[in-house]
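Topology and contacts: notes
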Amino acid sequence: MSRPLQRGVSGGVRVPESGHDLWDSQSKDKTEKEDLDKRGSSDHSPFALRFPLRLILGNNSDSKYGNGIVENGFASDPFSVGTPRSRLKLMLLSLKFSLVFIVVLALTGSFWWTLSISSSSRGHIYHGYRRLQEKLVSDLLDIGEFSRGPLRLKESEFCSQEFENFVPCYNVSENVELGVSDVNEFDRQCGHEPRQNCLVLPPLNYKIPFRWPTGKDVIWIANVKITAQEVLSSGSLTKRMMMLDEEQISFRSASHMFDGVEDYSHQIAEMIGLRNESSFIQAGVRTILDIGCGYGSFGAHLFDSQLLTMCIANYEPSGSQVQLSLERGLPAMIASFTSKQLPYPSLSFDMLHCARCGIDWDQKDGIFLIEADRLLKPGGYFVWTSPLTNARNKENQKRWRFIQDFTLNLCWEMLSQQDETVVWKKTSKKSCYASRKTRSGPSLCGRGIDVESPYYRELQNCIGGIQSRRWVPIDKRERWPSRANLNKNELAIYGLQPDEFTEDSDSWRTAVQNYWSLLSPLIFSDHPKRPGDEDPSPPYNMFRNVLDMNAHLGGFNSALLQARKSVWVMNVVPISGPNYLPLIQDRGFVGVLHDWCEAFPTYPRTYDLVHAAGLLSLETEQHRCTILDLFIEIDRILRPEGWVIIRDTLPLIESVRALTAQLKWDARVIEIESDSDQRLLICQKPFFKRQAS
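Computed from a prediction, not measured in an experiment: that's the story for all the values here.

Positionally, methionine 570 belongs in strand S12 (residues 568-574). With a relative accessible area of 0%, methionine 570 lands in the buried category. Spatially, the C-alpha atoms of methionine 570 and aspartate 548 are 6.1 Å apart, while their sequence positions differ by 22 residues. Those residues in contact with methionine 570, other than ones at most four positions away along the chain, are Met310, Ala332, Met333, Val546, Leu547, Asp548, Val590, Gly591, Val592, Phe600 and Tyr607.

Our next topic: a nonpolar patch on the surface. Residues Phe101, Ile102 and Leu105 make up a contiguous nonpolar surface patch of about 340 Å² in total accessible area. Mapped onto the secondary structure, isoleucine 102 falls in helix H3 (residues 84-115).

This part is about the pattern of salt bridges. Counted according to the given criterion, the structure contains 23 salt bridges. We note a salt bridge from glutamate 452 to arginine 470, for which the minimum N-O separation is 2.6 Å. Highlighted residues: glutamate 452 in the loop between helix H14 (431-434) and helix H15 (488-493) and arginine 470 in the loop between H14 and H15, separated in sequence by 18 residues. Notably, a salt bridge pairs arginine 624 with aspartate 595, separated by 2.9 Å at the nearest N-O pair. Linking arginine 624 in the loop between helix H19 (615-620) and helix H20 (627-637) with aspartate 595 in the loop between strand S13 (590-594) and strand S14 (607-613), this pair joins segments that are 29 residues apart in sequence. On the accessibility criterion, aspartate 595 (7% relative accessible area) is buried.

This part covers the packing of helix H16 (residues 498-523) against helix H17 (residues 555-562). Relative to each other, H16 and H17 sit at 60 degrees, their axes nearing to 8 Å. Accordingly, the angle class assigned to the pair H16 and H17 is oblique. Read as a crossing pair, H16 and H17 show a hand that is right-handed. Mapping the contact onto sequence places Asp504, Trp508, Arg509, Val512, Tyr515 and Trp516 in H16 and Gly555, Phe556, Ala559, Leu560 and Gln562 in H17. Across the contact of H16 with H17, the residue classes break down as 7 nonpolar, 2 polar and 2 charged.

Now for the packing of aromatic side chains. Here the structure, examined in full by the defined rule, presents 27 aromatic pairs. When the centroid spacing of 5.9 Å and the interplanar angle of 50 degrees are considered together, the rings of tryptophan 568 and tyrosine 607 count as tilted. Of this pair, tryptophan 568 sits in strand S12 while tyrosine 607 is found in strand S14, placing the two residues 39 residues apart along the sequence. The exposure classification of tryptophan 568 matches that of tyrosine 607, with both residues buried. Both rings, one in phenylalanine 631 and one in tryptophan 665, keep their centres 5.0 Å apart while their planes meet at 50 degrees; by these two values the pair is tilted. On the criterion of sequence distance, the pair formed by phenylalanine 631 in helix H20 and tryptophan 665 in the loop between helix H21 (650-662) and strand S16 (666-671) is long-range, its members being 34 residues apart. The two residues phenylalanine 631 and tryptophan 665 agree in class, both being buried. Grouping aromatic residues by their ring pairs yields a cluster made of Phe337, Trp361, Phe382, Trp384, Trp400, Trp412 and Trp424.

So, on to the sheet that holds strand S7 (residues 349-355). Neighbouring strands of a sheet are bound in pairs by backbone hydrogen bonds; such pairs are parallel or else antiparallel. Spatial strand order, S6-S5-S4-S7-S8-S10-S9: 7 strands in an open sheet with mixed pairing. The open sheet is flanked by strand S6 (332-334) and strand S9 (412-418), the only strands paired with a single partner. Shown here is a sheet whose adjacent strand axes are inclined to one another by a mean of 20 degrees, direction ignored. Examined bridge by bridge, strand S8 (residues 376-385) and strand S10 (residues 421-426) share 5 bridges and lie antiparallel to one another. Paired with phenylalanine 382 across the strands is tryptophan 424, a residue of S10. Running over the sheet, helix H13 (residues 394-409) touches S8, S9 and S10 and is turned about 140 degrees from S9.

So, on to the environment of alanine 511. With respect to the secondary-structure elements, alanine 511 resides in helix H16. A sequence separation of 161 residues divides alanine 511 from isoleucine 672, and the C-alpha atoms of the two residues are 9.6 Å apart.

This brings us to the sheet that holds strand S11 (residues 545-548). Taken in spatial order, the 7 strands line up as S13-S12-S11-S14-S15-S17-S16 in an open sheet, and their pairing is mixed. Of all the strands in the sheet, the pair left with one neighbour each is S13 and S16. With direction set aside, neighbouring strand axes in the sheet form an average angle of 15 degrees. Both S14 and strand S15 (residues 638-649) contribute to a ladder of 6 bridges, which runs parallel. By the bridge assignment for S15, histidine 611 is matched with isoleucine 645. The sheet strands contacting H16 are S14, S15, S16 and strand S17 (678-684), and the helix crosses S15 at an angle near 135 degrees. Strands S11, S14 and S15 of the sheet are contacted by H20, whose axis makes an angle of about 145 degrees with S15.

Cut-offs and rules
Every chain is numbered on its own, with residues counted from 1 as its sequence reads. Two thresholds apply to this predicted model, a pLDDT of at least 70 for residue-level local features and 80 or more for giving and counting side-chain atom pairs, whereas whole-chain, interface and lining totals are computed over all residues. Processing note: side-chain calculations cover all non-hydrogen atoms of the structure and skip hydrogens and water entirely. We count a stretch as a helix when DSSP gives it H or I for four or more residues in a row; a strand needs E for two or more, and each element gets its number in order from the N terminus. Three exposure classes are used, based on accessible area relative to the maximum for each residue type with a 1.4 Å probe and protein chains only: buried under 20%, partly exposed in between, and exposed over 50%. Note on contacts: a residue pair qualifies if any of its non-hydrogen atoms lie within 4.5 Å across the two residues. Residues enter patches when their relative accessible area tops 30% and they take part in no salt bridge; the joining distance is 9 Å for like charges and 5 Å for the nonpolar side chains Val, Leu, Ile, Met, Phe, Trp and Tyr. Here the open area of atoms and residues is found with the Shrake-Rupley method and a 1.4 Å probe, where only the protein chains shown may cover a residue. Criterion for a salt bridge: a side-chain nitrogen of Lys or Arg within 4 Å of a carboxyl oxygen of Asp or Glu. Axis lines are fitted to C-alpha atoms, over the contacting stretch for helices. Their N-to-C directions set the angle, which ranges from 0 to 180 degrees. Angle categories are assigned with fixed cut-offs, so that under 35 degrees is roughly parallel, over 145 is roughly antiparallel, 65 to 115 is roughly perpendicular, and the rest are oblique. The crossing is said to be left-handed when, going from far helix to near helix, the turn is anticlockwise and less than a right angle, and right-handed when the turn is clockwise. We call Asp, Glu, Lys and Arg charged. Ala, Val, Leu, Ile, Met, Phe, Trp, Tyr, Cys and Pro are nonpolar, and the rest, Gly among them, are polar. Note on aromatic pairs: the rings of Phe, Tyr and Trp (six-membered ring only in Trp) are paired at centre separations within 6.5 Å, and the planes decide the class, stacked below 30 degrees, edge-to-face beyond 60, tilted for the rest. For two strands to pair, DSSP has to find at least two bridges joining them.

Structural data, given as structure tokens:
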């Protein structure tokens, strides 16, 4: 007879068939009962897990048969330690409790550890992190994977010879092809042409310029684009001041043997009521805008009287006034007075000068005179020399009367007229505009139109600057050089405190001392001198033309002058940052607004030193242009053997260093402070010469 199979463990119970089977069954029952008793007594052990686990998970062992006995007669306790299933569950639960305990312990420990960190330990942690970051950057550079935008530039990517004097945004042929010849073809037209990602080489016979002040009076003719015919056909006054030989152009501005710029400037001073041009400073004159400056002789002569003259002129493909002025070491930039508002703040200059500058002031209903008024400080002077002032025919006499009437409605007072030269003085009182006859002259600009610092905006047919808090007559300001240190009330206009201004000035004085200590051994390796000593006598002056690409408050300019360096600084305020250009102008410096994603309005090879502190961080965070774009522009405007000082964060500095390595520039990265993430990059542009064809 077949026996039914029963579920259970090995050696399972079967239905008894005989006494032996019955005895075996009873013995088995007794044994199982004893096991159950032992198991039950173990529940009272302190190591028992059965009861608490049941409290947590619930008791699912009971069935319809009660007493924990299932249908087949076996106990169904899932927490029985003796079964593999129960042991697995116990292990999982124990693991869960352990993990929870560890997490709680870790969070608690982390909290107390964080509270216990001192400021000094934080510094050590940051210092260590910074070192790791530097190592990472170095390693990435070594394997050639560090990049920030397209930084690759081949050594052979030099511009063709036609770009030797190329100025982006002023490409005349490009403008004509693009159909913008309805305006002056020499006007600034940025954004219409593709970027020239190549390096501009100097002309074949280019030579390093003479150092200041020798270079003020003598330049190499091969360094500029001008022909002998252009020199000989220049204006009468300029022609008498230039001499041409085979290799050089000499400017005889210091000569006393002919009627030249000295007599002319002396005449202007007398017309104002001063003894001579040396008294301009006492009359409140420090900065002068020279419109159509010729070749800069007027500003060159006034420099000895501590007057700073900015030359502006239209773009000229050849015989450029701006290029020759910069080659002489004089402040200059390309700017068209007759197209749009200049990128200077309102009330910027103490004097405007136009000697046969080619501007028809009576045209377009006097709008050019309105722009001149916007740039002129209250109480400032407008000097105009033109044959129109001595006109004999009726047409020119009519034009001259229009200018006289219009300047009167601008509240300008004509001080004097001698020969072809006329001097006006702008009013110092705002009340003058209200006292004008009804509907006479241009109206006053409203607050929405009277922009403090326009950036190549269309010319406005209203009087600007009236709304400005900077309306202070020039004779009420501090005299130069005290003017460079603004007082408390002047600083309040810009939301600055005196201690902020002082701190900025002190930091730049220290920076300039450090710059010179680093640069002197490099520049004067053939002419040894100790750091801190005065520069050697000419022709070994270090720099003359300096460009500060991110001028901020003008502290770098101020520190250079306090250190008695024979330099002038073009203070550039990027349009992407805070606008402190009005403050810079009020300090007696010169500067300009500019978008560094566009070309700077100057010719190639015009600056000895380019300085950029924080510019890369400012420009690259907006992702409008790359570091490569900025560096190519720096290379264009820097003279051969010129120097670049860049101060910025480590990753950006290393990006530029990677570029300089490709171009075989001599570059050195210097740590500023041990606890700072700022770095200093000093590099020199090599003198790459074009090979003769």
